[in-house]
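# Architecture at a glance
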Amino acid sequence: AVANGAGGGSLSGCTFTVGSATSAGVTMNFVANANAGGTIQSASVPIRVWDSRNSAIAVTAGSTTLNQIAGAQNSGCTAPLYQTTAVQVAATYTTPGQSAFTVDVTCVATITSSDTTKVTVAGGRATGVAVGSAQVGAGGSLVTITVSPSVVTPTCVSATLVHGPTLTFVPSTVPTQTQSTTSSTTISASYVKGNEAALVAEGASGAIVAFARLSDGTYYELQPSNGLQIVPSAAFATIINASSMHSTSYYRFFVMENAANGDDDCALEARWVDKCTVGSPTLASGPIPALVSLPTAISASVAISSSTPCNTGAICSIPRPTDPAPNVGPPPPA
């Protein structure tokens, strides 16, 4: 297909780049032509150009007060741990003669803190460091965040297995402390029996998402780096393997080979522990439901094939469709 357009820009293949001379608010029509069976088919797509220089920036925080979390310490075990909150940057475009609209630009904005000894900002989240306050903002818009000496207590842990395309993100069901860096979605920390997606194959895998619920009704995201531990129940110890071996930000899990079926509201336990204290006492915990429903084999087939020595000297087995390609070595000597 060939795209044709006009109005102050440049084309490279089917990619259009707005030029500096293009007027804000202008609408351009692009026509894509394709040869389908000898007949030229065309489609027109209108594109309106907006200029961010005509936008107003507004910064908001999910919470403007961050409290100390009882029993928890920072990653360096040098100071108390404080709550975090989402920071959102929105740009409202107000081109003359056109309707204004607002866009979330948090992911491309540079958000700063006026005092990083009190509040730090990273990944669209503000984190308390020490009692005091700081102004957090971008583009001239500021919001004051106060770190309070008040203490909130962990009450429980809500966690879920995240896997496959059947995962559903539920908007606005959890306080802003749990908002992801993509502001359009919020992970639901609640669980309703029967709503879990079944794991239906050996090797099925994904991540474990966990939040600690605090006494003020907010949530704190848990990761292996800040004390999250995942422990399978006795019944699921040979069904699901959970490990943080390759990541400090989340646990991965997979259904083990030759696993049995299982359906349990308490298949695994998520624990938030104090890594800075000898014995790692548990601050809060909660169950993780899991449903493993593997299909029953109804037939078997055997294929006979010549084998090829691997580089390791072992005999290569006949691969399953899901196996990676074998490391095939040189042909055997005559």
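As the structure is a prediction and not an experimental result, all values here were calculated from the model.

The next thing to look at is the sheet that holds strand β14 (residues 132-138). Pairing in this open sheet of five strands is mixed, and the strands run β8-β7-β15-β14-β11 from one edge to the other. Taken across any chain shown, the strands that pair with only one partner, and hence form the sheet edges, are β8 (80-82) and β11 (112-113). Pairing of β11 with β14 involves two bridges; the strand directions are antiparallel. The residue bridging T112 from the neighbouring strand is G137, located in β14.

The full count for this structure, using the stated rule, is two salt bridges. Between D115 and K118 there is a salt bridge, with its nearest N and O atoms 4.0 Å apart. For E269, the salt bridge goes to R271, with nearest N and O atoms at 2.8 Å. E269 sits in the partly exposed class, given a relative accessible area of 26%. By relative accessible area, which is 28% here, R271 ends up partly exposed.

Reading the values: the criteria
Residues numbered from 1 in each chain as written. Predicted model: local features only at pLDDT ≥ 70, side-chain atom pairs only at ≥ 80, totals over all residues. Heavy atoms only, no water. Pairing = 2+ DSSP bridges. Helix = DSSP H or I, 4+ residues; strand = E, 2+ residues; numbered from the N terminus. Salt bridge = Lys/Arg side-chain N within 4 Å of Asp/Glu carboxyl O. Buried < 20%, exposed > 50% of the residue type's maximum accessible area, 1.4 Å probe, protein only.

Bear in mind that shape data such as this cannot, by itself, settle questions of function.
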